[in-house]
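# Coordinate analysis (summary)
The chain contents come next:
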Amino acid sequence: LECVYQFEFTPGLLLRIANESMTNRFGSLLCDTEQERQREVANFTLSLWSALLQPPEPPAPTDVNARYRPSTRPIMPVVSQVRFCVWEEYWFRFHPFGRCRGRDPSGGG
């Protein structure tokens, strides 16, 4: 999730996926492979993607990063430590530090 944090989707959507991955409420993120998931859990669990993509039109406008611009060119990440940016909404979401700075834990701001 962190590798797509700066691109198409909002921190709020990515945080929801991260939180749901720990609840085991949906079978979409269980198992190590798609084959194993289909064989073992798909018939007994709900899909996270179905829940996220319910109407209105998927993805919801609030889930798409307004600054994202699609491109057919390869993504060339800048790996300099000077440009490194910590995803505070994710890494500090359960820590008082995150709340002290006035950040919305849902990623809204």
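What you see is a predicted model, and the numbers here were worked out from it, not measured in a lab. (Residues numbered from 1 in each chain as written. Predicted model: local features only at pLDDT ≥ 70, side-chain atom pairs only at ≥ 80, totals over all residues. Heavy atoms only, no water.)

### Some remarks on the side chain of Ser28
Mapped onto the fold, Ser28 is located in the loop between helix H1 (11-23) and helix H2 (34-40). On the accessibility criterion, Ser28 (14% relative accessible area) is buried. A distance of 3.4 Å separates a polar atom in the side chain of Ser28 from a polar atom in the side chain of Ser47. Within the local environment of Ser28, its side chain forms a polar contact with the backbone nitrogen of Leu48, the two atoms lying 2.8 Å apart. Non-local contacts of Ser28, meaning those with residues more than four positions away in its chain, are made with Arg37, Leu46, Ser47, Leu48 and Trp49. (Helix = DSSP H or I, 4+ residues; strand = E, 2+ residues; numbered from the N terminus. Buried < 20%, exposed > 50% of the residue type's maximum accessible area, 1.4 Å probe, protein only. Polar contact = N/O pair within 3.5 Å; in protein donor to acceptor, adjacent residues only side chain to side chain. Contact = heavy atoms within 4.5 Å.)

### What about the nonpolar core?
Residues Leu13, Ile17, Phe26, Leu48 and Leu52 constitute the largest nonpolar core, which totals five residues. At the level of elements, H1 and helix H3 (48-52) are the ones that each hand at least two residues to this core. (Core = buried A, V, L, I, M, F, W, Y, C linked by side-chain atoms within 4.5 Å.)

### Here's the deal with unusual backbone geometry
Its identity is not glycine, yet Asn24 carries a phi of approximately 60°, on the positive side. Residue Cys31 is not a glycine yet carries a positive backbone phi of 75°. Along the chain, Cys31 falls in the loop between H1 and H2. The partly exposed category is assigned to Cys31, whose relative accessible area is 30%.

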